[in-house]
Amino acid sequence: VLNGIGAVLVFLSKQFAGKTDSILKRFLFVTLGRRERELRQFINEMAHFENACRLKTAFQDRVSIFLHGARVEIFDRHSSQYTGLITGKIVEADDPLAIRLRTERKPVWGSDVIGRADFRLVVPGFHRSAMSSFVAVHESADLPALRPDEVRLLQDATHQLSVSLAFLELDALRTERVRVP
């Protein structure tokens, strides 16, 4: 249905060249621009959260909206493994996926890692040269192909998440130290 509508719009734009171009661009790209602006706004807001759990939940929700409703999951590092916050799935620190993320220090397509086709994209989160977490976008037939600018924005969001969580952890340690007599 959407493809048919798109074809009709393209046909009409050819018939009314010049007049409809600006209208079509506004119509077709308004949701993309809105989703991108909302995620950029959230990236700015992340540094002002005071509760790590709420930040993680908000992050997963906001990135999911940005990615057309895709399921997004944060995997936090706990000793020698990464644990998914939604599924509870465990990825060992020596798993090929974790090793590749730490080595390449950039997003990895799940299809490029043996045994990880359940993820569309995995983005590492680093703080002080250590991978403290990663964000996994679960594979879905409804998820359209991710554009390079969307991947870069997801990288920026994941980086800000790592930094914000590190500051919240540091703040919690300082608060605990003040309480101890």
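Refer to the structure above for everything that follows.
What counts, and where the lines are drawn
- Going along each chain's sequence as written, the residues are numbered from 1 onward.
- In keeping with the predicted nature of the model, local features appear solely for residues at pLDDT of at least 70, side-chain atom pairs appear and are counted solely at 80 or more, and the whole-chain, interface and lining totals rest on all residues.
- Note that water and hydrogens are dropped before the side-chain values are worked out from all heavy atoms of the structure.
- Here a helix means four or more residues in a row that DSSP labels H or I, a strand means two or more in a row labelled E, and each is numbered from the N terminus.
- Classification of residues uses two cut-offs on accessible area relative to the type maximum, computed with a 1.4 Å probe and protein chains only: under 20% is buried, over 50% is exposed, and between them is partly exposed.
- Only the protein chains shown count as cover for residues, with accessible areas throughout obtained via the Shrake-Rupley method and a probe of 1.4 Å.
- Here, any two strands with at least 2 DSSP bridges between them count as paired.
- Contacts are assigned to residue pairs that have any heavy atoms within 4.5 Å of one another.
- Fitting a line to C-alpha atoms yields each axis, with helices limited to the stretch in contact; the angle taken between N-to-C directions then spans 0 to 180 degrees.
- By convention, a stacked pair of Phe, Tyr or Trp rings (six-membered ring in the case of Trp) has centres within 6.5 Å and planes under 30 degrees apart, an edge-to-face pair has planes over 60 apart, and any other such pair is tilted.
- To sit over a ring, a charge needs its Lys NZ or Arg CZ within 6 Å of the ring centre and within 35 degrees of the ring normal.

### So, the overall build of the chain
Okay, step 1: If you tally the helices and strands in the chain, you get five helices and six strands.
Okay, step 2: Along the chain, from the amino end to the carboxyl end, the secondary structure elements read α-α-α-β-β-β-α-β-β-β-α.
Okay, step 3: Split into buried and exposed, the 181 residues of the chain put 38% on the buried side.
Okay, step 4: Accessible surface, the chain: about 11,300 Å² in total, of which carbon and sulfur atoms supply 57%.

### Side note on the sheet that holds strand β2 (residues 81-84)
Through backbone hydrogen bonds, the strands of a sheet pair up, either in parallel or in antiparallel fashion.
Okay, step 1: Pairing is antiparallel in the open sheet, where six strands are placed in the order β3-β2-β1-β6-β5-β4. Taken across any chain shown, the strands that pair with only one partner, and hence form the sheet edges, are β3 (90-92) and β4 (108-109).
Okay, step 2: The pairing of β4 with strand β5 (residues 119-127) spans two bridges and is classified as antiparallel. Bridge assignment links Trp109 to a residue of β5, and that residue is Leu121.
Okay, step 3: Relative to the sheet, helix α3 (residues 52-66) contacts β1 (72-78) and β6 (130-138), its axis offset from that of β1 by approximately 145°.

### As for the environment of Ala98
Okay, step 1: Along the polypeptide, Ala98 turns up in helix α4 (residues 96-104).
Okay, step 2: The sequence separation of Ala98 and Met131 amounts to 33 residues, and the corresponding C-alpha distance is 8.8 Å.
Okay, step 3: The contacts of Ala98, once residues within four sequence positions are left out, are Tyr82, Glu92, Ala93 and Met131.

### Description of the pairing of β2
Okay, step 1: Where β1 meets β2, four bridges bridge the pair, whose relative direction is antiparallel. By the bridge assignment for β2, His78 is matched with Gln81.
Okay, step 2: One ladder, built from three bridges, connects β2 with β3; its direction is antiparallel. Residue pairing for β3: Gln81 is matched across the bridge by Glu92.
Okay, step 3: Hairpin remark: β2 followed by β3, antiparallel, with five residues in the connecting loop; positive phi at Gly88, about 75°.

### Some thoughts on the packing of aromatic side chains
Okay, step 1: Scanning the entire structure with this criterion turns up four aromatic pairs.
Okay, step 2: Between Phe75 and Phe134, the ring centres sit 4.7 Å apart and the planes meet at 10°, which makes this aromatic pair stacked. With Phe75 in strand β1 and Phe134 in strand β6, the pair connects residues that are 59 residues apart, well separated along the chain. Both residues of the pair, Phe75 and Phe134, belong to the buried class.
Okay, step 3: Across the ring face of Phe66, the terminal group of Arg35 is positioned such that the distance to the ring centre comes to 5.6 Å.

### Looking at the side chain of Ser164
Okay, step 1: Relative to the assigned elements, Ser164 resides in helix α5 (residues 148-179).
Okay, step 2: Once you skip the residues sitting within four places of it in the chain, Ser164 turns out to touch Met46, Ala47 and Leu55.

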